[in-house]
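Breakdown of the fold
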Amino acid sequence: MNAAPFNLDLTLESGQVFHWEKIGPGEWRGLIGETPVCIQSRCGEVFAEPHDVELVWNYFSLDHPLEEIYRDFPTDATSQAALSACRGLRIIRQPRWECLATFITSSMKQVAHIRAMSLEIRRRFGRKVVGSPTNAYPSPEALAACTESDLRACGLGYRAKNLVATAREVASGRVDLAAIAQLETPALRAALECLPGVGVKVANCVLLFAYERLDAVPIDVWIGRILLAMRRGRSGTATQLARYARRRLGPYAGYVQQYLFHHARVSPKFTP
DNA sequence: CGCCAGGGTCTCG
DNA sequence: CGAGACCATGGC
């Protein structure tokens, strides 16, 4: 299938999903939900095994209008540098529970360790998938049945309590992750923030990565520093930075944020 | 060893 | 609303 521009490496290395394994140049193995997939991208052409176009197209958001998004990119030097470095990076449509759960574990953790925790949670509590070395992400029910110390054994530390509590909210049906997709963004954000371990930042990650709200801007320490630098010294509280991001990053602010984040993180000489 | 990481929550001005 | 303390863990 043809999907230019699409850069698989950038997409899978930009801290959105944490379970894919690189098995060759531009070639990755992982799971889309519970379906094991091998995928390779060359020159805008995508090859996937199994050849399930619909599944791959949807997961990697190959329908997102990247050229239109690029036309709306901010014109400042920082954003344009991030754009030329990350062209072809796409915001993935993640399964909702998987996204919510992994970002609850993400607080004050580096990407590499989020990955390690996520893989351990899959290994211990996820359903085995034939043809995949990686297990599926455990269901809300499976994690709801865990104790806090079960999850501490996966390296979660104080995050274990929140993950179990949120799993129980979802498994019990008190929160329906599919039903709330119909809500407008402010109401959806509020619903997510009611869950234990979900604050402003994690809610925005879930809005962007699992609910297709492409204007949602997660502000972590990296993006915080970048926005502060873009504001030229004017000091910024969290609310000021959020307002600035909403005003300056345009209709696809979430995309811009993801490009800024990844570019900064892989630039050895990044000093805001 | 000290510092930092895709923060949330509670308390106190 | 804003600032601070506290929460665990691993990498460098």
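Below: a short report on this structure. (Residues numbered from 1 in each chain as written. Chains lettered and ligands numbered in written order. Predicted model: local features only at pLDDT ≥ 70, side-chain atom pairs only at ≥ 80, totals over all residues. Heavy atoms only, no water.)

1. Looking at helix H5 (residues 96–104)
The element H5 is extensively covered by neighbouring structure, given that 8 of its 9 residues are classed as buried. Among all positions in H5, only Trp97, Glu98, Cys99, Leu100, Ala101, Thr102, Phe103 and Ile104 are buried. If you follow the buried residues of H5, they end up packed against helix H6 (111–125), helix H7 (140–144), helix H9 (159–171) and helix H11 (200–210). (Buried < 20%, exposed > 50% of the residue type's maximum accessible area, 1.4 Å probe, protein only. Helix = DSSP H or I, 4+ residues; strand = E, 2+ residues; numbered from the N terminus. Contact = heavy atoms within 4.5 Å.)

2. With respect to the sheet that holds strand E1 (residues 21–24)
A sheet is described by the order of its strands in space; here 4 strands give the open sequence E1-E2-E3-E4, paired in antiparallel fashion. Across the chains shown, the open sheet's two edge strands, defined by having one partner strand only, are E1 and strand E4 (45–49). For this sheet the average axis-to-axis angle between neighbouring strands, irrespective of direction, equals 30 degrees. Two elements, E1 and strand E2 (residues 27–32), share 3 bridges in a ladder whose sense is antiparallel. Residue pairing in the sheet places Gly24 in a bridge with Glu27 of E2. (Pairing = 2+ DSSP bridges. Axes fitted to C-alpha atoms, helices over the stretch in contact; angles between N-to-C directions.)

3. So, the nonpolar core
Proteins that are soluble and globular tend to have nonpolar side chains buried together. Grouped together as the largest cluster of nonpolar side chains are 67 residues, with contacts concentrated most on Trp97, Leu143, Leu151, Leu163, Leu192 and Tyr259. If you tally residues by element for this core, the top one is H11, at 8 residues. Split by domain, this core shows at least three residues from each of two domains, domain 2 (75–86 + 213–272) and domain 3 (96–209). Each residue touching Trp97, except ones within four places of it in the same chain, is listed here: Tyr137, Pro138, Ser139, Pro140, Leu143, Leu163, Thr166, Ala167, Val170 and Leu177. Formed by 18 residues, the second largest nonpolar core is a distinct cluster that contains Ala3, Trp20, Val37 and Val46. (Core = buried A, V, L, I, M, F, W, Y, C linked by side-chain atoms within 4.5 Å. Domains from an automatic or database assignment.)

4. Thoughts on the protein's contact with DNA strand C
Near DNA strand C you find Lys109, Gln110, His113, Arg152, Gly155, Gly157, Tyr158, Arg159, Thr237 and Thr239, and these make up its full shell. Of what DNA strand C places within 4 Å of the protein, 67% of the atoms are sugar or phosphate. Arg159 places a polar side-chain atom, nitrogen or oxygen, 3.2 Å from a base nitrogen of DNA strand C. Interatomic distance of 2.6 Å between a side-chain N/O atom of Thr239 and a phosphate oxygen of DNA strand C. Of the residues belonging to the surface near DNA strand C, the class tally is 1 nonpolar, 6 polar and 3 charged. (Near = heavy atom within 4 Å. Polar contact = N/O pair within 3.5 Å; in protein donor to acceptor, adjacent residues only side chain to side chain. Nonpolar A, V, L, I, M, F, W, Y, C, P; charged D, E, K, R; others polar.)

5. Notes on the pattern of salt bridges
Evaluation of the coordinates by the stated rule reveals 11 salt bridges. Between Arg93 and Asp63 there is a salt bridge, with its nearest N and O atoms 2.8 Å apart. Linking Arg93 in the loop between helix H4 (77–86) and H5 with Asp63 in the loop between helix H2 (53–59) and helix H3 (66–71), this pair joins segments that are 30 residues apart in sequence. Given a relative accessible area of 15%, Arg93 falls into the buried group. You can call Asp63 partly exposed: its relative accessible area is 40%. One salt bridge in this structure joins Glu169 and Arg174, with 3.1 Å as the shortest N-O distance. (Salt bridge = Lys/Arg side-chain N within 4 Å of Asp/Glu carboxyl O.)

6. Quick word on a positive patch on the surface
On the surface, Arg234, Arg243, Arg246, Arg247 and Arg248 cluster together into a positively charged patch. Within the secondary structure layout, Arg234 lies in the loop between helix H12 (221–230) and helix H13 (238–248). (Patch = residues over 30% accessible without salt bridge, like charges linked within 9 Å, V, L, I, M, F, W, Y side chains within 5 Å. Areas by Shrake-Rupley, 256 points an atom, 1.4 Å probe, with all protein chains shown as cover. Lys, Arg positive; Asp, Glu negative; His and termini not counted. Charge placed at Lys NZ, Arg CZ, Asp CG, Glu CD.)

7. Here's the deal with the pairing of E4
Side chains Val46 and Ala48 of E4 all project onto a buried face; the interleaved residues Glu45, Phe47 and Glu49 project onto a face where none is buried. Sheet topology note: the strand E3 (residues 35–42)/E4 ladder contains 5 bridges and is antiparallel. Directly across from Cys38, in E4, lies its bridge partner Glu49. Between E3 and E4, which pair antiparallel and follow one another directly, the connecting turn spans 2 residues, one of which, Cys43, has a positive phi of 55 degrees.

8. Remarks on the protein's contact with DNA strand B
Around DNA strand B, the structure places 27 residues, and the nearest of them are Lys109, Gln110, Val111, Gln257 and Gln258. Sugar and phosphate atoms represent 57% of those atoms of DNA strand B found within 4 Å of the protein. Interatomic distance of 2.7 Å between a backbone N/O atom of Gly15 and a base nitrogen of DNA strand B. Note that a base nitrogen of DNA strand B is positioned 3.1 Å from one of the side-chain N or O atoms of Tyr158. Of all the secondary structure elements, the ones that give two or more residues to the surface near DNA strand B are H11, H12 and helix H14 (253–266). Here the residues of the surface near DNA strand B are counted per class, giving 14 nonpolar, 9 polar and 4 charged.

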